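Survey of secondary and tertiary structure
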Amino acid sequence: MKRMNRKRILKLLIIVCLFLCGCTNRRDTTKTNRYDLDVSKQIQALKKSNRNLYVWSVYWDCTSDVRTIQRNRKKIDGIGVFSAYYPDGKTLSLPEKSNDLIQHLASIEDEPAIPRYLCVVNDTDSENKSVDLLKEIMKESEKNAQSIVDMAIQNQCMGIEIDFENIRNDINLWNQFINFEKDLMDLCSKNHLALRIVLESSTPVDQIDLPSGPEYVVMCYNLYGNGTKPGPKADMDFLKDMVAKFESLDHVSYALANGGYDFEGSKKAEAVTSSQIQTLILEKKAKPKRDPSSQALYFTYGSHTVWFADEKTLTFWAKILDTAAGRTVDISLWRLFRNE
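Quick caveat, the model's predicted, so the values are computed rather than measured. (Residues numbered from 1 in each chain as written. Predicted model: local features only at pLDDT ≥ 70, side-chain atom pairs only at ≥ 80, totals over all residues. Heavy atoms only, no water.)

**Considerations on the layout of surface pockets**
Applicable threshold: Here a cavity means grid points, on a 1 Å grid over the protein atoms only, where a 1.4 Å probe fits yet cannot get out; a pocket means an open set of points with protein on both sides within 12 Å along at least five of seven lines; lining residues are those with an atom within 4 Å of a point. Grid points are joined across faces, edges and corners, and a volume is the space filled by probe spheres set on the points. Secondary structure follows DSSP: runs of H or I at least 4 residues long count as helices, runs of E at least 2 residues long count as strands, and numbering of each begins at the N terminus. Amino acids outside the nonpolar list (Ala, Val, Leu, Ile, Met, Phe, Trp, Tyr, Cys, Pro) and the charged list (Asp, Glu, Lys, Arg) are all regarded as polar, and Gly is one of them.
Within this model, the largest pocket holds a volume of roughly 1,000 Å³. Among the secondary structure elements, those contributing two or more residues to the lining of the largest pocket are β2 (78–84), β4 (159–163), β8 (260–264), β9 (268–272) and α9 (274–283). Its residues assigned to classes, the lining of the largest pocket shows 14 nonpolar, 14 polar and 10 charged. Counted as a void, the second largest pocket has a volume near 260 Å³. What lines the second largest pocket is a set of 13 residues, among which K90, T91, E140, K143 and N144 lie closest to the centre. At the level of elements, α5 (131–139) and α6 (141–154) are the ones that each hand at least two residues to the lining of the second largest pocket. Here the lining of the second largest pocket gets four residues from one element, more than from any other, and that element is α6. Split by residue class, the lining of the second largest pocket holds five nonpolar, four polar and four charged.

**A closer look at the sheet that holds strand β11 (residues 297–301)**
We apply this condition: We call two strands paired when DSSP finds no fewer than two bridges between them.
The five strands lie next to each other as β9-β8-β12-β11-β10, forming an open sheet whose pairing is antiparallel. The sheet terminates laterally at β9 and β10 (289–290), the two strands that pair on one side only.

**Some details on the environment of G89**
Note the cut-off: Type-normalised accessible area, obtained with a 1.4 Å probe on protein chains alone, sets the label of each residue: buried when under 20%, exposed when over 50%, and partly exposed for intermediate values. Note on definitions: a residue-residue contact is assigned when non-hydrogen atoms from the two residues lie within 4.5 Å.
For G89, the location among the structural elements is in the loop between β2 and α4 (96–108). Taking relative accessible area as the criterion, G89 reaches 22% and is therefore assigned partly exposed. With 45 residues separating them in the primary sequence, G89 and L134 have C-alpha atoms 9.4 Å apart. Each residue touching G89, except ones within four places of it in the same chain, is listed here: T124 and L133.

Here it is in structure tokens:
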């Protein structure tokens, strides 16, 4: 009987030890992983000021986007399906996953549906942000504008978004783009489609005459990235500069980005999603610090420095834009990502 009691006591002690160890591990994990990068919470934080909020879903990583959209449908005012492109450098094409996302959203949403935009980029299978492709598109401006509108209508989109990048300071190409934009505006108006034009931060707005009508979306990110020293995607001075530069446009909004960059050394950077950042924090037992001028977070491991944005960072960036513009600005969030 005494021998049995000893065995039972020993078993109880083992169970208690395992339980305590498990609790300790859970507490440590929570403490290490205290930076909440849940996109749903980012959406909620950005909507606190009752601003219009637009989000992008990318075709290469949209598995859980439908669930995220469903959870936050009352807080999302528009969805960009990213993206239609030109695989062969000639013909506009929509990746199968993007098409599936559009069809799924169209079939499950209650009325009123969240406006869906067909995002078109100047990518080919061999080159992203191709200037040569842009020049070809502009040669047959009306024809190519019509093919974009046809694809948007075919896929039950309520709007079109043009994200043609890398024009930089080529004023001649900008003037060709403006003619293309006007053709697109006419077709969108006839077909009751909204139009958004994405602008890079380097756009020479003081040297070109962008027409009134579309919503212009300024990319307020990639201040630091591949080819630069380590740093945040945006900071206070950069955001103020963007407002000073673009606020004169007739209808302007601003795009912010979650996720971050993993810098190796001084110039090489690789984009990392929020979920990848969470994993790195745990694996490297990192203790991120917050940068005062950007409210972005950063940590190091080996020769790497990771900079990223969390819910607090995005809220800070949005408030800087609001204050600089003297109004509550509309925000586009790059991008939805897998939470699970």
